[in-house]
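The primary structure of each chain is shown beneath.
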Amino acid sequence: MADPARVKPETGFSETSTPAQRSKQSEGSGDGPVSGSTSSKPTAVQTNTKEDKTKSAEHTAAGEEEEEGSSSLHPPPAKKLKVEQDKKKEKRHKVDEDEIQKMQVLVSSFSEEQLNRYEMYRRAAFPKAAIKRLIQSITGSSVSQNVVIAMSGISKVFAGEIVEEALDVCEKWGDTPPLQPKHMREAVRRLKSREQIPNTKHKRILFH
Amino acid sequence: MAEEEDDPGFEEDTEDGGNGIDSGHGKRKRLFSKELRCMMYGFGDDQNPYTESVDILEDLVIEFITEMTHKAMSIGRQGRVQVEDIVFLIRKDPRKFARVKDLLTMNEELKKARKAFDEANYGS
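Fair warning: this is a prediction, and the values are worked out from it, not measured in the lab.

What about the overall build of chain A?
Item 1. Within chain A, the secondary structure is distributed over 7 helices and 0 strands.
Item 2. The helix and strand sequence of chain A, counted from the amino end, reads α-α-α-α-α-α-α.
Item 3. Look at the contacts in chain A between residues 6 or more apart in sequence, and 57% of them connect residues 24 or more apart.
Item 4. Accessible area for chain A stands at about 12,600 Å²; split by element, carbon and sulfur atoms hold 54% of it.

Structural data, given as structure tokens:
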């Protein structure tokens, strides 16, 4: 399995892509190392070729840019726009690569316990089938796969927000980790006051 | 160690999120127990989180999904849930918005990569 500590630069892309891949493959099992390992290899191969393509595209874009700059003093607006877009793409690639490198440096310095936690953080996902069943039971009609992907993604972020807030509450009240229901409830109350929890049940009458 | 819950038999969903969420969906089978445990550990909780906390979180997540689905059904194309509606509803929340964009982009790239891979195989 792709051990985060031993991730090489080429497979940096595959690491970020595995959550989407994993969340599609695993159904019902939160962390399935077997399914994870069998799916990561083909992904790594494909994303390797994909990243090579993007890298070579970057080089050709840089080459084109140099030629255009030296050939004419006043490039027409269409060319200028294209050059700007290429520059932005380059910047985005560089920022991505920087971020990937920083992440690798960070992950390589993790302790055993931190590695475990990080692995759980990346791997845990809601089962697609259950989410699809839940949404379809509410709408009464079928939903596309993208909807299920989007919904399980934001639900995970939502769960993360609550747990993080609850950990803040726990620390503030001088308690220790296994989170208790009182921490969760206080976290929900705080998030509600910040309007981060959707609530359409209470209708507020504006002009009474 | 674990705190006792208030009003164990109270079934109604009241405004006070705590009461309704604790006991409102007691009868339904737990859908996400295993996954939520791993998730809570990943987000910073203990390796063995309390079952009551996991239950509360599951109820919250199900309520969140329900609310989003209802809202998505009421905008855009009525009665259907589409990705654009979800993205629209999430637009104000930077974290969730960025996450959805990332997931959908990655999904497209994976589909393209898989297609290219299959076509390469088909050729040979």
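Following the structure, the description resumes.
Observations concerning the environment of E35(B)
Residue and element names in this part refer to chain B.
Item 1. Inspection of the secondary structure puts E35 in helix α2 (residues 33-43).
Item 2. Since its relative accessible area comes to 3%, E35 is described here as buried.
Item 3. Separated by 23 residues in sequence, E35 and E58 place their C-alpha atoms 10.0 Å apart.

Here we look at the interface of chain B and chain A
Item 1. Across the boundary between the two partners, chain B contributes 63 residues, which contact 67 residues of chain A.
Item 2. Summed over both sides, the interface of chain B with chain A buries roughly 6,300 Å², with 69% coming from carbon and sulfur.
Item 3. Inspection of the chain B/chain A interface yields 4 salt bridges.
Item 4. Of the charged contacts, one joins R95(B) and E161(A) as a salt bridge, the two residues approaching to 3.8 Å between their closest N and O atoms.
Item 5. At the surface where chain B touches chain A, the tally comes to 10 residue pairs in polar contact (both at pLDDT 80 or more).
Item 6. Counting only elements with at least two residues in the side of chain B that touches chain A, the list comes to α1 (17-23), α2, α3 (51-74), α4 (83-90) and α5 (94-123) of chain B.
Item 7. Top element by residues in the side of chain B that touches chain A is α3(B). It accounts for 17 residues.

Looking at the pattern of salt bridges
Item 1. This structure, assessed with the given rule, holds 15 salt bridges over all chains.
Item 2. For R30(B), the salt bridge goes to D55(B), with nearest N and O atoms at 3.6 Å. Linking R30(B) in the loop between α1 and α2 with D55(B) in helix α3, this pair joins segments that are 25 residues apart in sequence.
Item 3. Judged by its relative accessible area of 26%, R30(B) falls in the partly exposed class.
Item 4. Accessibility expressed as a relative area gives 25% for D55(B), which makes it partly exposed.
Item 5. Taken together, the salt bridges that share partners define one network made up of E161(A), E164(A), D93(B), R95(B) and K96(B).

Remarks on the side chain of E67(B)
Item 1. Relative to the assigned elements, E67(B) resides in helix α3.
Item 2. One buried charged residue, E67(B), remains without a salt bridge, the closest side chain of opposite sign being K201(A) at 4.2 Å.
Item 3. Not counting chain neighbours up to four residues away, the residues in contact with E67(B) comprise P198(A), N199(A), T200(A) and K201(A).

Some details on the packing of α3(B) against α4(B)
Residue and element names in this part refer to chain B.
Item 1. At a minimum axis separation of 9 Å, α3 and α4 run at an interaxial angle of 110°. As the angle between them shows, α3 and α4 are arranged roughly perpendicular. Along this stretch, α3 crosses α4, giving a crossing that reads as right-handed. Where α3 approaches α4, its residues M68, K71 and A72 are matched on the opposing element by D85, L89 and I90.

What to know about the confidence of the model for chain A
The predicted coordinates of low-pLDDT regions are not to be read in fine detail.
Item 1. On average, chain A scores 73 in pLDDT, and the residues at 70 or more come to 63%.
Item 2. Counted against residues more than four places away or in other chains, residues 1-70 of chain A, with its pLDDT under 50, gives 88 contacts.

A word on the side chain of E165(A)
Item 1. Within the fold, E165(A) resides in helix α6 (residues 145-172).
Item 2. Taking relative accessible area as the criterion, E165(A) reaches 9% and is therefore assigned buried.

Focus on the confidence of the model for chain B
Residue and element names in this part refer to chain B.
Item 1. Confidence in the prediction for chain B averages 82 pLDDT; 78% of positions are at 70 or higher.
Item 2. Every residue in residues 1-22 is under pLDDT 50, and counting partners more than four places away or in other chains gives 37 contacts.
Item 3. With a pTM of 0.67, the predicted complex shows an ipTM of 0.78.

A closer look at unusual backbone geometry
Item 1. With phi around 60°, E195(A) is a residue other than glycine that occupies positive phi space.
Item 2. Structurally, E195(A) is set in the segment after α7 (181-193).

Considerations on the environment of R117(A)
Item 1. Within the secondary structure, R117(A) sits in helix α4 (residues 112-123).
Item 2. Classification of R117(A) as partly exposed rests on a relative accessible area of 21%.
Item 3. With residues up to four places along the chain from it excluded, the contact list for R117(A) reads Y41(B), G42(B), G44(B) and D45(B).
Item 4. In terms of polar contacts, R117(A) uses its side chain to reach the backbone carbonyl oxygen of Y41(B), at 2.9 Å.

Quick word on α4(A)
Item 1. Helix length check: α4(A), at 12 residues, gives a terminal C-alpha distance of 16 Å against a target of 16 Å (1.5 Å per residue), a fit within 8%.
Item 2. Those residues of α4(A) that fall on the buried side of the exposure criterion are Y118(A), M120(A), R122(A) and R123(A).

Criteria and cut-off values
- Residues numbered from 1 in each chain as written.
- Chains lettered and ligands numbered in written order.
- Predicted model: local features only at pLDDT ≥ 70, side-chain atom pairs only at ≥ 80, totals over all residues.
- Heavy atoms only, no water.
- Helix = DSSP H or I, 4+ residues; strand = E, 2+ residues; numbered from the N terminus.
- Contact = heavy atoms within 4.5 Å.
- Areas by Shrake-Rupley, 256 points an atom, 1.4 Å probe, with all protein chains shown as cover.
- Buried < 20%, exposed > 50% of the residue type's maximum accessible area, 1.4 Å probe, protein only.
- Buried area = accessible area lost by both parts, 1.4 Å probe.
- Salt bridge = Lys/Arg side-chain N within 4 Å of Asp/Glu carboxyl O.
- Polar contact = N/O pair within 3.5 Å; in protein donor to acceptor, adjacent residues only side chain to side chain.
- Lys, Arg positive; Asp, Glu negative; His and termini not counted.
- Axes fitted to C-alpha atoms, helices over the stretch in contact; angles between N-to-C directions.
- Parallel < 35°, antiparallel > 145°, perpendicular 65-115°, else oblique.
- Left-handed = near helix turned anticlockwise from the far one by under 90°.
- pLDDT = per-residue confidence, 0-100.
- Expected span 1.5 Å × (residues − 1).

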